[in-house]
Amino acid sequence: MANTGTDDGVSRRDFLTAVGLAAAGVLAGCSPEVREAYLQKHFLELTPEEVQHRLARLRADCRKQFGRDVSISAVPARPDVMFGYALDLSRCIGCRRCVYACVKENNQSRDPQIQWIRVLEMEKEHGIDLERANPYYDPEKVPDVDHFYVPVACQQCRNPQCTTVCPVGATWQEPDGIVVIDYDWCIGCRYCMAACPYGARHFNWGEPHLPPEELNPDLHVLGNRPRPTGVVEKCTFCIQRVRTGRYPACVEICPVGARKFGNLLDPESEIARILKEKRVFVLKSELNTEPKFYYFYGV
Amino acid sequence: MSQDTEDRPEKGPENDELEFSIARSNALIPLLLLFGLSILGIVLIIVRAKPIESSEGATARQAFGPADFPGIFQQPPLEPLVAAPVADAGGHADVLFPVPAPPFSEGIFPCSTCHADITPNPERRELAMHEDIVLHHDEEHRWCLDCHDQNDRDHLRLASGAAIPFTESYRLCGQCHGTQYRDWREGIHGKRTGRWDGAKRYLLCVHCHNPHSPRFAALQPLPPPVRPQFLHPEDAAAGRTDAARRQDGDGEHGH
């Protein structure tokens, strides 16, 4: 090309122009859905209309994938609400009802299996010792003699390290304290899984398998909507429930009433009373993650 | 490599030359052989090592889901939500907690149906009726009429002598279990469902605790999660379910 003064055939400017045009051409040739997915904005930058537009797209996706009509909401955080959770270790019997209620409510992949709650069996002799914890216990009956149980899910830290390491800002803390993930924005690098000291984040290594008849159709865009392969997921305090005033599914299923949930900013709430009247502790407090998931002994 | 060398001497004539060279060498070669073999052994141990498993190593292989346990999701019929405890018009308690009906056995209430015609007998004895009741609740010191009203069997009896309906039995329990009663009133002890921001469903103590034997019975736990070595993401990507895999008979995958 004469105008560049070089004789290597193609100038840099021409090359980049051609590449740009080709990319634009490919995008233009794609279906509108694919084009939109590639050119989407970050969830927090969407206007209310754009949020509704995305919800409509996700509804259509679910319709296509599962053949069922679903409701996907994007209910925002309420003002003056900070969610907290407390678990009574003196009551928990390790029956794992919460694990399965969570899977049912939050549409985790059945196979490969993903579970957000992991119940750790520990020995009374050694107390809370994560090195001796056994998540695979399976005795005839629980509670087993000389053992106690510590269910662990996302601790909903006030100072979450998972969000700070995310290179693309796909996970963040909402104003009501729930750490959420935008599955449309997650690139699957799993930095957050490495940063989480609680093993609370789970990666969709394989294509999530969820029978359509088992799909919970009551969805939240940042919560339990079906996930694609290659994204990270975790407990959201059942954001689709708690943002509408309901209790998380694990609270409702617990047969011994060990799980307590509420608004930390409301002094009359169960969780606020527990913090006031019981001795509570958090896991790995030395890491300064400041969880909003508290453990206590109710006796 | 070193294993080959060790095997060869037994194999045949083509190894004669090697055997010969070993025989001619000094003690270094057997030592080297031994060293090589031990390295190989260590590598084999590391590679072939079985994953660390507890005594229940046979479990945690199969992926179960909530659909396998429909029973646990069948909650008892829900009572109406209550916005807040109500003041007791009768003035017996500070507040009354609206609760579902007590979980009576079928056809047992009202008790007066039978007891109206029976002379009360406070003696500790082998009961001719109610043999299904096993008293395992401070049984050394307690007997029926400590809690059941002697003259009005359709009511319970507080230590003060006041008769209370079965729907207020938490007041009876609270006489001894004061801390639990306090925690229950605040929602710390016991199960609360409903809404975290408003109306809740309360349960009586006896909905969870058998009053005659209050300790919780042990439960069968739901199955553990699948150990990572038994997950099959590649199968799931190909649409093979866990059930299909079991039919194929490679449930022993990973061993």
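So, how was this worked out
Residues numbered from 1 in each chain as written. Chains lettered and ligands numbered in written order. Predicted model: local features only at pLDDT ≥ 70, side-chain atom pairs only at ≥ 80, totals over all residues. Helix = DSSP H or I, 4+ residues; strand = E, 2+ residues; numbered from the N terminus. Contact = placed C-beta atoms within 7 Å. Buried ≥ 20, exposed ≤ 12 C-beta atoms within 10 Å, placed from the backbone. Pairing = 2+ DSSP bridges. Axes fitted to C-alpha atoms, helices over the stretch in contact; angles between N-to-C directions. Expected span 1.5 Å × (residues − 1). Domains from an automatic or database assignment. Nonpolar A, V, L, I, M, F, W, Y, C, P; charged D, E, K, R; others polar. pLDDT = per-residue confidence, 0-100. Core = buried A, V, L, I, M, F, W, Y, C linked by C-beta atoms within 7 Å.

> Would you explain the overall build of chain B in this entry?
Across its full length, chain B carries nine helices and six strands. Counted over contacts in chain B with a minimum sequence separation of 6, partners at least 24 positions apart contribute 57%.

> Would you mind going over the overall build of chain A with me for this structure?
Counting secondary structure elements, chain A contains nine helices and twelve strands. Dimensions along the principal axes, computed over C-alpha positions, put chain A at roughly 85 × 40 × 40 Å. Burial status across chain A gives 43% buried among its 299 residues. Here the analysis covers contacts within chain A between residues at least 6 apart in sequence; of these, 64% occur between residues at least 24 apart.

> Could you clarify how one ought to interpret the environment of Gly230 of chain A in this entry?
All names here are of chain A. Within the secondary structure, Gly230 sits in the loop between strand S8 (218-220) and strand S9 (232-233). Look at Gly230 and you get partly exposed, because 16 C-beta atoms sit within 10 Å. Placed 70 residues apart in sequence, Gly230 and Pro160 show a C-alpha to C-alpha distance of 22 Å. The residues touching Gly230, leaving out its near neighbours within four places in the chain, are Gly188 and Asn204.

> Can you help me understand the sheet that holds strand S2 (residues 83-88) of chain A in this one?
Within a sheet, each strand pairs with its neighbour through backbone hydrogen bonds, oriented either parallel or antiparallel. Residue and element names in this part refer to chain A. If you trace the four strands from one edge of the open sheet to the other, you get S10-S2-S12-S11, paired in mixed fashion. The sheet terminates laterally at strand S10 (259-263) and strand S11 (280-281), the two strands that pair on one side only. As defined by bridge partners, S2 adjoins S10 across five bridges and the pair is classed as antiparallel. Within S10, the position partnered with Leu87 by the bridge is Arg259. Sheet contacts for helix H9 (residues 270-277): S2, S10, S11 and strand S12 (293-296); angle to S10, the most-contacted strand, approximately 105 degrees.

> Which parts of the structure should I look at to understand helix H3 (residues 28-48) of chain B?
Residues separated by three or four positions in an α-helix point in the same direction, a consequence of the helix having 3.6 residues per turn. With 21 residues, H3 of chain B ought to run about 30 Å at 1.5 Å a step, and its terminal C-alpha atoms sit 30 Å apart, in line with that. Buried residues are scarce in H3 of chain B, accounting for zero of its 21 residues.

> For this particular structure, what's the right way to read the domain arrangement of chain A?
Interfaces are often sized by the accessible area lost when the parts come together. Along its sequence, chain A is organised into domain 1 (14-40) and domain 2 (83-296). Centre-to-centre, using C-alpha coordinates, domain 1 of chain A lies 40 Å away from domain 2 of chain A.

> What's the story with the interface of chain A and chain B in this structure? I'm lost.
Opposite the 46 residues of chain A that make contact, chain B presents 43 residues. Among the elements that take part in the side of chain A that touches chain B, helix H4 (residues 97-106) of chain A stands out by supplying five residues, more than any other. Residues belonging to the side of chain A that touches chain B are distributed by class as follows: 19 nonpolar, eleven polar and 16 charged.

> I would appreciate a short explanation of the confidence of the model for chain B in the present structure.
Close reading of the predicted structure is inappropriate where its pLDDT is low. All names here are of chain B. A residue-level look at chain B finds 69% of positions with pLDDT of 70 or above and a mean pLDDT of 78. Taking the mean pLDDT of every element in chain B, the minimum, 50, falls on helix H1 (residues 2-7) and the maximum, 94, on strand S3 (residues 155-157). Low confidence marks residues 249-255, where pLDDT is under 50. Its contacts with residues over four positions away, or in another chain, come to seven contacts. With a pTM of 0.80, the predicted complex shows an ipTM of 0.87.

> It is not clear to me how the nonpolar core should be interpreted in this structure. Could you clarify?
Generally speaking, a soluble globular protein has its nonpolar side chains buried in company with each other. Residues Tyr85, Cys98, Val99, Cys102, Ile117, Phe237 and Cys250 of chain A are the most contacted members of the largest nonpolar core, which totals 67 residues. Every residue in contact with Cys250 of chain A, bar those within four places of it in the chain, is listed here: Cys98, Ala101, Cys102, Ile117 and Arg259 of chain A. Grouped together as the second largest cluster of nonpolar side chains are eleven residues, Val99, Leu156, Tyr170 and Leu204 of chain B included.

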